Amino acid sequence: AVPWHDMRGFLNRLVSIADEPTDDDDLRLRRRMGVVAGYITIPAALTVIPLSPDPALGMGLGLGLSIFAAANLVLLARTHHFERYVVALISMGIPFTVIANVLNGGVAAGGAGMMWGFLVPLYAIIALGPRQATKWFVIFLVGLFGFVAIDPIVISRITPPPYETRLVAYVLGIAGPCAITFFLLRYTDLRRRQAQARSDELLYNAIPISIATRMKHGEHRIAEVYEETTVLFGDIASFTPWAQRTDPALVVGLLDTLFTRFDELAAICGVEKIKTIGDAYMAVAGAPEARADHAEAALAMARRMLGAATDWRAANGLDLQMRIGLASGKVVGGVIGQKRILFDLWGDTVNAASRMESSGLPGRIQVAPTTWELLREGHDFEPREIDVKGLGPMTTHLLVETHPS
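Figured I'd write up the structure that's included with this text.

Scoring rules and cut-offs
Throughout, residues of each chain are indexed from 1 in the direction in which the sequence is written. Side-chain atom pairs in this predicted model are given and counted only at pLDDT of 80 or more, local residue features only at pLDDT of at least 70, and totals for whole chains, interfaces and linings cover all residues. Note that water and hydrogens are dropped before the side-chain values are worked out from all heavy atoms of the structure. Numbered from the N terminus, helices here are DSSP runs of H or I no shorter than four residues, and strands are runs of E no shorter than two. It is over C-alpha atoms that the radius of gyration is taken, and the globule rule equals 2.2 Å times the number of residues to the power 0.38. Partly exposed residues are those whose accessible area sits between 20% and 50% of the maximum for their type, while under 20% is buried and over 50% is exposed, using a 1.4 Å probe and protein chains only. Whether two residues touch is decided by their heavy atoms; if any such pair falls within 4.5 Å, the residues are in contact. All accessible-area figures derive from a Shrake-Rupley calculation using a 1.4 Å probe, and residue coverage is judged against the displayed protein chains alone. A pair is scored as a salt bridge if a Lys or Arg side-chain nitrogen falls within 4 Å of a carboxyl oxygen belonging to Asp or Glu. For helices, the axis comes from a line fit to the C-alpha atoms of the stretch in contact; other axes are also lines fit to C-alpha atoms, and the angle between any two N-to-C directions lies between 0 and 180 degrees. Each angle is binned into one of four classes, with values under 35 degrees roughly parallel, values over 145 roughly antiparallel, values of 65 to 115 roughly perpendicular, and all other values oblique. Polar here means any residue other than Ala, Val, Leu, Ile, Met, Phe, Trp, Tyr, Cys and Pro, which are nonpolar, and Asp, Glu, Lys and Arg, which are charged; Gly is therefore polar. Residues are said to line a cavity or pocket when one of their atoms sits within 4 Å of a point; the points come from a 1 Å grid over protein atoms alone, cavities being sets where a 1.4 Å probe fits but cannot get out and pockets being open sets with protein on both sides within 12 Å along at least five of seven lines. Grid points are joined across faces, edges and corners, and a volume is the space filled by probe spheres set on the points. Expected span of a helix: the number of residues minus one, times 1.5 Å. We call a set of buried residues a nonpolar core when its members are Ala, Val, Leu, Ile, Met, Phe, Trp, Tyr or Cys and they connect through side-chain atoms within 4.5 Å of each other. Note on pairing: DSSP must find at least two bridges between two strands before they are called paired. Helix crossings fall into two classes, left-handed where the near helix is turned counterclockwise from the far one by less than a right angle and right-handed where it is turned clockwise. Aromatic rings from Phe, Tyr and Trp, with only the six-membered ring used for Trp, were paired whenever their centres fell within 6.5 Å, and each pair was classed as stacked if the ring planes differed by under 30 degrees, edge-to-face if by over 60, and tilted otherwise. In this context, the arc is that of the directions from the helix axis out to the C-beta atoms. To count toward a patch, a residue needs a relative accessible area over 30% and no salt bridge; like charges are then connected within 9 Å, while nonpolar side chains (Val, Leu, Ile, Met, Phe, Trp, Tyr) are connected within 5 Å.

1. Here's the deal with the overall build of the protein chain
Across its full length, the protein chain holds 15 helices and eight strands. Scaling as 2.2 N^0.38, a compact globule of 405 residues should have a C-alpha radius of gyration of about 22 Å, whereas the protein chain reaches 33 Å, well beyond that. Dimensions of the protein chain, computed from C-alpha atoms along their principal axes, come out at roughly 105 × 45 × 35 Å. Across the 405 residues of the protein chain, 45% fall into the buried class. Contacts in the protein chain between residues at least 24 apart in sequence constitute 67% of all its contacts with a sequence separation of at least 6. For the protein chain, the computed accessible surface area is about 21,300 Å², with 61% contributed by carbon and sulfur atoms.

Here it is as structure tokens:
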């Protein structure tokens, strides 16, 4: 038996013959739907053969369209001229439907045969988009009313097929187009949902879920004051000189490994990652979702970060250590701009946390007085008198026990 994943891969290659590397999700979906329509046309055209009173004409008409559809797909795979492919495919639809119904004895005798012609504007709207599809719907209506106009001549010259044949033609004329329409729309909706899920995933990876949800509901400018937060900054000491003498691919790979682990720890600790800037990692507890234990959550994250950095150093033979700084208090958070959007934080607390990191010691966690006040009852700290750039003389505190419990 053929493994399911192999079959799925084969089918995916079949429907992706028109894909281009620069396609967005919408265009890729349209291209694939147009290709699927071509594959469907090959067997669908053959249904005219058993229903035609003249077997030779029915065979010629059905096989002719099937061969044309197959050749059109081959040409598409070679040239990637997608719009030409679609126009060629649907241009055959109306004449084929009219001729098939003429062979079956006219409008009444052919039952619901003209329903097949409706697939032309359907294919057009799926593959070419709503604007270009309008003219094809008009062409379908012209073909329908034109066929009705010549129906008296057809009836007078062509003998209707037997009742049984007309009954089968009627059933196929309804079931066939409806089934094709259903499965095309179903496939379209499934692909649309997958594309939307990918889009949502990218958005949720860029900004917090609660902020992303508000933006999806129409809010354009989001700004909030978060009264109780703890901001965390982490930075790799002596990273810049090390990076300058190291292969860039190795630098990026090692940094990605470490920061991916930090992202996992943020999710475990309930801390919101804000951004990375070079080798610096910024996160916050208490925003955009409030939590009373924001200082404890941020400290837990910081301790786990030091543990992860120690493992990272040992695994890769590196002589690099993290400095981490924490500060607590009010921040302003929001989303600015429309391109490459980012949820960011501003305020004195952010500045203080950044200074706690930059003035800290490798392998240690340094906290501002605001954070020490919230944590001093449950943790051991040692005071440190330093002159903090932009803030002046300050008594900060270094966490004594640094490893996660």
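Picking up after the structure, the text goes on.
2. Here we look at the pattern of salt bridges
This structure, assessed with the given rule, holds 12 salt bridges. Among the ionic pairs, E264 bridges to R261, the shortest N-O distance being 3.0 Å. Within this pair, E264 and its partner R261 are both found in helix 12 (residues 248-269), separated by three residues, close to a single helical turn. For E264, a relative accessible area of 42% translates into the label partly exposed. Judged by its relative accessible area of 36%, R261 falls in the partly exposed class.

3. Brief notes about the packing of helix 4 (residues 55-79) against helix 5 (residues 82-91)
Orientation of helix 4 relative to helix 5, taken along the N-to-C sense of each, is 175°, at an axis distance of 10 Å. With respect to each other, helix 4 and helix 5 are oriented roughly antiparallel. Counted together, F68, A69, N72, L73, L75 and L76 of helix 4 and F82, R84, Y85, A88 and L89 of helix 5 form the full contact between these two elements. Class assignment for the residues of the contact of helix 4 with helix 5 results in nine nonpolar, one polar and one charged.

4. Re empty space enclosed by the protein
For the structure shown, the criterion picks out two cavities of 30 Å³ or more. The calculated volume of the second largest cavity comes to roughly 40 Å³. Around the second largest cavity, the lining residues are D25, R28, L29, R191, A195 and R198. At the level of secondary structure, the elements contributing two or more residues to the lining of the second largest cavity comprise helix 2 (25-45) and helix 9 (163-206).

5. Some thoughts on helix 9
Between the first and last C-alpha of helix 9 there are 64 Å, a value that for 44 residues agrees with the 64 Å anticipated at 1.5 Å per step. Considered for burial, the residues of helix 9 that qualify are T165, A169, G173, G176, P177, I180, T181, L184, R191, A195, D200 and L203.

6. Here we look at the nonpolar core
Counting 38 residues, the largest nonpolar core has F262, M301, M322 and I365 as its most contacted members. A per-element tally of this core places helix 13 (residues 294-316) first, with 11 residues. Setting aside residues up to four positions removed in sequence, I365 forms contacts with L299, A302, R303, L306, I324, L326, H397, L398 and L399. Judged by nonpolar contacts, the second largest core, of 35 residues, contains Y85, V86, V120 and A124.

7. With respect to the pairing of strand 2 (residues 272-277)
Alignment of strand 2 against strand 3 (residues 280-285), held across five bridges, turns out to be antiparallel. The residue of strand 3 that forms the bridge with E272 is V284. What sits between the antiparallel neighbours strand 2 and strand 3 is a turn of two residues, in which G278 has the positive phi angle 65°.

8. Quick word on the packing of helix 6 (residues 93-103) against helix 8 (residues 130-157)
For the pair helix 6 and helix 8, interaxial distance at closest approach is 10 Å and the crossing angle is 20°. Overall, the two elements helix 6 and helix 8 adopt an arrangement that is roughly parallel. The hand of the helix 6/helix 8 crossing is right-handed. Together, I94, V98, N101 and V102 of helix 6 and I139, F140, G143, F147 and V154 of helix 8 make up the contact between the two elements. Considering only residue class, the contact of helix 6 with helix 8 consists of seven nonpolar, two polar and no charged.

9. Notes on the packing of aromatic side chains
Counted according to the given criterion, the structure contains eight aromatic pairs. Each ring, one from F182 and one from F183, has its centre 5.1 Å from the other, and the planes form 80°; the classification is edge-to-face. Take F182: its relative accessible area is 49%, and that puts it in the partly exposed class. Taking the centre distance of 5.4 Å and the plane angle of 70° together, the rings of F259 and Y281 count as edge-to-face. Of this pair, F259 sits in helix 12 while Y281 sits in strand 3; the two residues are 22 residues apart in sequence, bridging distant segments of the chain. The buried category is assigned to F259, whose relative accessible area is 7%. Taking the relative accessible area as the measure of exposure, Y281 reaches 0% and is therefore buried.

10. Details of helix 14 (residues 348-358)
Those residues of helix 14 that sit buried are T349, V350, A352, A353, M356 and E357. Summarising the axial view, the buried residues of helix 14 lie within an arc of 165°, below the 170-degree limit, and thus occupy one face.

11. What to know about a nonpolar patch on the surface
Residues Y163, L167, Y170, V171 and I174 make up a contiguous nonpolar surface patch of about 480 Å² in total accessible area. Note on placement: Y163 falls in helix 9. Residue class for Y163 comes out exposed when judged on its relative accessible area of 52%.

Coordinates in, geometry out; function isn't part of it.
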